[in-house]
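Secondary and tertiary structure notes
Below, each chain spelled out in residue letters.
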Amino acid sequence: MHETQSNCCYCGVGCGVIIESDGTQVTGVRGDPAHPANFGKLCSKGSNLHLTAQPVLQQQVRALYPEMRTARDQDRERVDWETCLESMADKFATCIQAHGADSVGFYISGQLLTEDYYVFNKLAKGLIGTNNIDSNSRLCMSSTVAGYKQSLGADAPPCSYEDIELADLIFIAGSNTAYAHPILYRRIEQARENNPHLKVVVVDPRRTDTAREADLHLAILPGTDVALFHGMLHLCLWEDLIDTAFIAAHTEGFAELKQTVRDFTPAFTAQICGIAEKDLIQAARWFGLSKAALSLYCQGLNQSSAGTAKNSALINLHLATGQIGKPGAGPFSLTGQPNAMGGREVGGMANLLSAHRDLSNPEHRAEVAALWNIPSVPDQPGKTAVELFEAVRTGEIKIIWIVCTNPAQSMPDQNLIRAALEKAELVIVQEAYRNTATVAYADILLPASTWSEKSGTVTNSERRISRVRAAIAAPGEAHHDWQIATKFAQILAKKLNKTQPDFSYTNPETIWDEHRDSTAGRDLDITGLSYSLLEEKGPQQWPYPADAKAGQQRLYENHQFATSNGKARFINCAYVATTEKITPRHPFALNTGRLRDQWHGMSRTGLVAQLYAHAPEPCIEMTAQDMQRRFIQDGDFVEVSNQRGTQILIAKASDQLKAGQSFIAMHWGEEFVSGTLHSDDGISKTLFGVNSLCNPAFDPISKQPELKHSAVKITKL
Ligand code: SF4
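The chain carries the name Molybdopterin-dependent oxidoreductase in an unreviewed UniProt entry, which gives Undibacterium amnicola as its organism. The heading Sequence similarities (unreviewed entry) in the UniProt record of the chain holds the text "Belongs to the prokaryotic molybdopterin-containing oxidoreductase family. NasA/NapA/NarB subfamily."

For the chain, the helix and strand inventory stands at 26 helices and 32 strands. Whereas a compact globule of 717 residues would reach a radius of gyration of roughly 27 Å, the chain reaches 24 Å, a difference of no more than 12%. Taking the principal axes of its C-alpha atoms as reference, the chain extends roughly 70 × 70 × 55 Å. By residue count, 60% of the 717 residues in the chain fall in the buried class.

The next point concerns the packing of helix α10 (residues 225-238) against helix α16 (residues 307-320). The interhelical angle for the contact between α10 and α16, taken along N-to-C directions, is 15 degrees, at an axis separation of 8 Å. Regarding the angle of α10 to α16, the classification is roughly parallel. Between α10 and α16 lies a crossing of left-handed hand. Mapping the contact onto sequence places Asp225, Val226, Phe229, His230, Met232, Leu233 and Cys236 in α10 and Ala309, Lys310, Ala313, Leu314, Asn316, Leu317 and Ala320 in α16. In terms of residue class, the contact of α10 with α16 is built from 10 nonpolar, 2 polar and 2 charged.

Formed by 217 residues in total, the largest nonpolar core has its most connected members in Phe120, Ile170, Val201, Met232 and Leu294. Apart from the residues within four sequence positions on either side, Phe120 is in contact with Phe106, Ile108, Ile133, Gly348, Val403 and Ala485.

Along its 13 residues, helix α14 (residues 277-289) runs 18 Å from first to last C-alpha, staying within 8% of the 18 Å computed at 1.5 Å per residue. Taken together, the buried positions of α14 are occupied by Leu280, Ala283, Ala284, Phe287 and Gly288. Seen end-on, α14 carries its buried residues on one side only, within an arc spanning 125 degrees.

To continue, consider the site of the ligand. For the ligand, the set of nearby residues contains 14 residues, the closest of which are Cys8, Tyr10, Cys15, Cys43 and Gly46. Those elements that provide at least two residues to the shell around the ligand are α1 (44-47) and α8 (182-194). Of the residues in the shell around the ligand, the class split is 9 nonpolar, 4 polar and 1 charged. Counting residues domain by domain, the shell around the ligand receives three or more from each of domain 1 (2-61) and domain 3 (142-334 + 565-569).

Here the focus is the domain arrangement of the chain. As a measure of interface size, the accessible area lost when the parts come together is often cited. Segmentation of the chain into domains returns domain 1 (2-61), domain 2 (67-139 + 348-505), domain 3 (142-334 + 565-569) and domain 4 (588-716). Placing a centre on the C-alpha atoms of domain 1 and another on those of domain 3 gives a separation of 34 Å. Domain 1 puts 8 residues into the contact, and the matching count from domain 3 is 8 residues. Of the residues that constitute the side of domain 1 that touches domain 3, the class distribution is 5 nonpolar, 2 polar and 1 charged.

Where α10 contacts α14, the axes come no closer than 9 Å and their chain directions differ by 65 degrees. Read as a crossing pair, α10 and α14 show a hand that is right-handed. Where α10 abuts α14, its residues Gly231, Met232, Leu235 and Cys236 lie against Leu280, Ile281, Ala283, Ala284, Phe287 and Gly288. Along the lines of polarity and charge, the residues of the contact of α10 with α14 split into 8 nonpolar, 2 polar and no charged.

Let us look at the environment of Asp22. Relative to the helices and strands, Asp22 resides in the loop between β2 (16-21) and β3 (26-31). Along the chain, Asp22 and Ser47 lie 25 residues apart, while their C-alpha atoms are 18 Å from each other. Residues contacting Asp22, with those up to four places away along its chain left out, are Met1 and Thr27.

This brings us to the sheet that holds strand β7 (residues 133-135). Taken in spatial order, the 7 strands line up as β5-β4-β18-β17-β16-β6-β7 in an open sheet, and their pairing is mixed. Since the sheet does not close on itself, it has two edges, and those belong to β5 (77-78) and β7, each with one partner. Relative to strand β18 (residues 444-447), strand β17 (residues 426-431) is paired through 4 bridges, and the arrangement is parallel. Paired with Ile428 across the bridge in β18 is Ile444.

Our next topic: unusual backbone geometry. With an omega dihedral of 0 degrees, the bond running from Trp542 to Pro543 counts as a cis peptide bond. Within the secondary structure, Pro543 is located in the loop between β21 (540-541) and β22 (568-569). For Arg463, which is not glycine, the phi torsion reads 65 degrees and is therefore positive. With respect to the helices and strands, the residue Arg463 is situated in the loop between β19 (456-459) and β20 (464-468). The residue His559 is not glycine, and still its phi comes out positive at about 60 degrees. For His559, a count of 16 C-beta atoms within 10 Å puts it in the partly exposed group.

The next thing to look at is the pairing of β17. One face of the sheet, then the other: side chains in a regular strand alternate in exactly this way. With 5 of its 6 residues buried, β17 lies for the most part within the structure. Note that strand β16 (residues 399-403) and β17 share 5 bridges and pair parallel. Looking at β17, one finds that Ile402 is bridged to Val429.

Strand order in the open sheet formed by 3 strands is β1-β2-β3, with antiparallel pairing between adjacent strands. If you trace the sheet from one side to the other, it starts and ends with β1 (2-7) and β3, each paired once. The average undirected angle you get between the axes of adjacent strands in this sheet is 25 degrees. Sheet topology note: the β1/β2 ladder contains 6 bridges and is antiparallel. Residue His2 lies in a different strand from β2, and its bridge partner there is Ser21.

So, on to helix α3 (residues 81-99). Here α3 contains 19 residues, and its C-alpha end-to-end distance of 26 Å stays within 8% of the 27 Å for a straight helix at 1.5 Å per residue. Among the residues of α3, Cys84, Leu85, Met88, Ala89, Phe92 and Ile96 are the ones counted as buried. Axial view of α3: buried residues confined to an arc of 125 degrees, hence all on one face. More than 90 degrees from the buried face of α3, the exposed residues found are Glu82, Thr83 and Ala98. One or two positions beyond α3, positive phi appears at Gly100, with a value near 90 degrees.

UniProt annotation of "domain: 4Fe-4S Mo/W bis-MGD-type" (unreviewed entry) refers to residues 1-57 when read in the numbering used here. Secondary structure content for residues 1-57 is 12% helix and 32% strand, while the C-alpha to C-alpha distance between its ends is 21 Å.

Take the pairing of strand β23 (residues 588-593) next. Counting buried residues along β23, 6 of its 6 residues qualify, which places the element largely inside the surrounding structure. The alternating pattern of β23 places Phe588, Leu590 and Thr592 on one face and Ala589, Asn591 and Gly593 on the opposite face, and all of these are buried. Bridge analysis of β23 against strand β32 (residues 710-716) gives 3 bridges, and the strand direction is antiparallel. Pairing of Ala589 across the sheet is with Ala711, part of β32.

Cut-offs and rules
Residues numbered from 1 in each chain as written. Predicted model: local features only at pLDDT ≥ 70, side-chain atom pairs only at ≥ 80, totals over all residues. UniProt positions renumbered as here; feature names shortened; annotations may be inferred. Helix = DSSP H or I, 4+ residues; strand = E, 2+ residues; numbered from the N terminus. Rg over C-alpha atoms; globule rule 2.2 N^0.38 Å. Buried ≥ 20, exposed ≤ 12 C-beta atoms within 10 Å, placed from the backbone. Axes fitted to C-alpha atoms, helices over the stretch in contact; angles between N-to-C directions. Parallel < 35°, antiparallel > 145°, perpendicular 65-115°, else oblique. Left-handed = near helix turned anticlockwise from the far one by under 90°. Contact = placed C-beta atoms within 7 Å. Nonpolar A, V, L, I, M, F, W, Y, C, P; charged D, E, K, R; others polar. Core = buried A, V, L, I, M, F, W, Y, C linked by C-beta atoms within 7 Å. Expected span 1.5 Å × (residues − 1). Arc of directions from axis to C-beta. Near = placed C-beta within 6 Å. Domains from an automatic or database assignment. Pairing = 2+ DSSP bridges.

Rendered as C-alpha cells:
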C-alpha cells in the first residue's frame with residue numbers, strides 16, 4: 001500500500017489527508033495527524049473522499065477524452081489533444097483579431113490549485129491581453145477581500161486557527177460553522193470544553209445547529225447585519241467599552257462613523273434587526289468587555305448586495321474595541337472553497353493582479369508587466385462573474401472558457417446564464433466530470449485531472465500553504481489544468497503576432513517558483529518558502545519572507561496596518577436593506593446555504609450513498625405555522641417561484657426559521673429538481689435548481705451577488 005500526504009479538496013479549513021492507494025487506485029483516506037489544520041480529524045465529506053475515486057464511478061462520470069463539435073446541432077465527438085487545442089487556438093486568434101482581446105473570457109474556480117490559477121491568469125492578462133477572467137470565488141469571498149482591503153489595507157485574514165483556543169468570545173456571524181467548516185467547529189467545541197468561560201454568540205437568521213449551541217443567538221432579519229454591528233458599536237460607545245487609546249494611535253475615520261452610529265440606539269437597532277433589545281445589549285457588552293474577541297464569518301456577510309459594508313462594519317467593531325492584532329482576537333473570514341485564498345494570491349480575478357496587486361494601480365500593472373516580460377498589462381477592468389455572463393449574453397464576449405466550475409448550476413438567475421451559454425459562439429468547458437449542467441453546453445470538453453491525481457499547492461483560511469500531491473495517475477487522457485493552459489498558450493502565442501510571456505513550465509514547482517518570486521516585498525511575501533521547505537517542515541503560513549525562520553501566525557501585532565499611512569480605517573458604511581423586497585405577490589424571504597454532508601453542486605459528494613443519509617432529497621423549509629396557513633403539510637409538493645424561476649419541492653416544517661422565511665439547500669441541481677413543467681394554461685417552465693430563483697443583484701464594490709436573499713411565492717400543488 002502507498003501512502004501520500006495531501007489535502008482535502010472541499011472547504012477552506014484545508015485539512016491534511018493521507019491518501020491510501022495501491023499505486024493505481026485510491027483505496028482509503030484518513031486525516032493527517034501532522035497537519036496543523038486538523039491534527040488527523042476529518043469530517044464526513046473528507047473521510048469519504050476515497051469513495052468518490054472508485055474506478056466504477058470514474059468510468060461513469062469522468063470526462064476522459066477531449067471532445068469537440070463543429071455545430072450546435074451535433075454531438076461532441078472524441079478528438080486528440082493536438083487537434084483540439086489547435087482548433088481552439090485558431091478560434092481564439094480569429095476572434096481576437098476580428099473583435100479584440102476583450103471578446104474572449106474565462107470563468108475559473110476556487111477549487112483550482114494555485115499553480116493552475118497562476119497560469120490561467122497569465123494566459124488571459126499576459127498573453128491574450130484581457131482582464132476578462134473571473135472566478136467562482138466572486139460568489140464566495142470577494143466581499144471579504146473588499147472589506148479587508150478598505151479597512152486594513154490588504155486582503156489578509158489576520159488570525160490563526162489557534163486563536164479559537166485563545167479567545168474568550170467567539171462571535172460567529174453569517175456562518176453555520178458546524179456544517180460548512182466542521183473541523184473548525186469541533187475545535188470550537190473543544191475550546192468550550194477546555195474553557196467554560198468562553199462565550200459563543202451566533203448571528204444568523206436561522207437557528208442552525210451552530211446557533212442552537214451558542215450562549216446567545218441573534219436571529220436577525222436577513223440583510224440587517226450592518227445595523228446590528230452599528231448598534232453594538234453605539235452601545236460600546238455609550239457604555240465606554242471602546243479602546244480610545246488604540247483608536248487615537250492606530251486608526252482614522254472614527255469621528256465620521258461615530259456620527260452615523262449615534263442613530264443606532266438599542267431600540268432602533270433591535271427593531272430593524274427583529275431581535276430583543278436585551279440580547280443586543282448582551283452581545284455588545286460581551287464584545288466590549290471581552291479580553292479577546294474573535295469573529296468568524298462567511299457567506300451570510302459575503303453573499304449580499306451590501307457584503308463589503310457588512311464586512312467593514314464588523315471590522316469597525318474590532319477596531320473600536322482594540323480587538324485585533326493580539327492573541328485570540330480579530331476579524332477572521334472563513335474561506336468557502338479550498339483555494340479561494342490561493343486564487344486571490346495570484347490575482348486570478350477580474351480586478352486583481354499577481355501577489356495581491358491591484359489592476360487599477362498603474363505601478364502594480366507595470367510591476368506585473370516587468371515580471372512577465374511583456375510591454376503592458378491591460379488597464380481596463382475585466383468583467384466580474386455576473387457581468388461576464390451578461391456580456392456573453394449580449395454578444396460582447398464571444399468565446400467563454402469555463403474551468404472546474406459549474407455556472408449552469410451555481411450562478412444566480414439561471415435564465416441569464418443559460419441564455420449566455422446558448423448565445424456564445426464557443427463554449428469551452430474544462431472539467432473532471434462529464435455530467436455537470438454546464439458540460440451540456442460545451443462545444444469543446446477538455447478532460448481535467450482532479451483530487452488524488454494532481455499536484456501543487458493550496459492556501460487555507462489561516463493563510464497556510466499546503467502541498468497537494470498526486471497518489472495515482474489521472475484516468476483516460478485527462479490532463480492537469482495548468483498543463484492544458486500552458487500547452488494552449490504555447491500554441492496561441494505562435495498564432496498571435498505579439499510579445500509573449502514565458503510559458504515553458506514543465507511542472508507545478510516551476511510555476512510556483514515564479515509566483516513566489518512575484519511576492520517579494522508584498523504583504524504576502526513568501527520568498528523564504530520553497531517546495532523543498534514545505535516538504536521538510538510541512539504546511540506554512542504567509543507571510544514568510546526570505547529572512548524568516550517561520551511563517552507569521554498573526555498579523556498587525558505591531559498595530560501597523562497595510563494602508564499607506566499604517567493606520568486602519570473606520571468605514572462609515574450606511575445600512576442598506578436587501579435589494580429584493582418582500583411583497584404580497586412574493587411574501588417569503590428565501591435563504592440558501594450548505595448541508596453538512598454535501599459540497600457545492602454535488603458532482604463529487606453526490607456520488608457517495610452514505611452522504612445522503614443526513615438529507616436524502618431537496619426540500620424547502622418553512623415554519624409549521626406558515627405551512628398551516630397555506631394548508632401545506634410536511635411532505636407536500638409546493639411550487640416555489642419568482643420572476644426568475646420556478647421549482648417544485650417537498651415542503652418541510654422547520655423550527656430554525658421565523659415566520660415569512662424559507663430555506664433551500666444550495667446543492668441540488670437540475671438532475672434532481674429540473675424538468676419542464678406544463679401548466680394548464682399551456683405555459684412551460686423549465687426548472688434549473690435553487691439558483692434559478694436567486695437574485696443576481698450584486699454589491700457595488702465587491703460585485704458579489706446576493707445569493708442569500710430573494711423574495712419568492714410558495715404555492716401548494
Ligand atoms: Fe475537508 Fe473541510 Fe471537512 Fe476538513 S472540514 S475534511 S477540509 S470538508
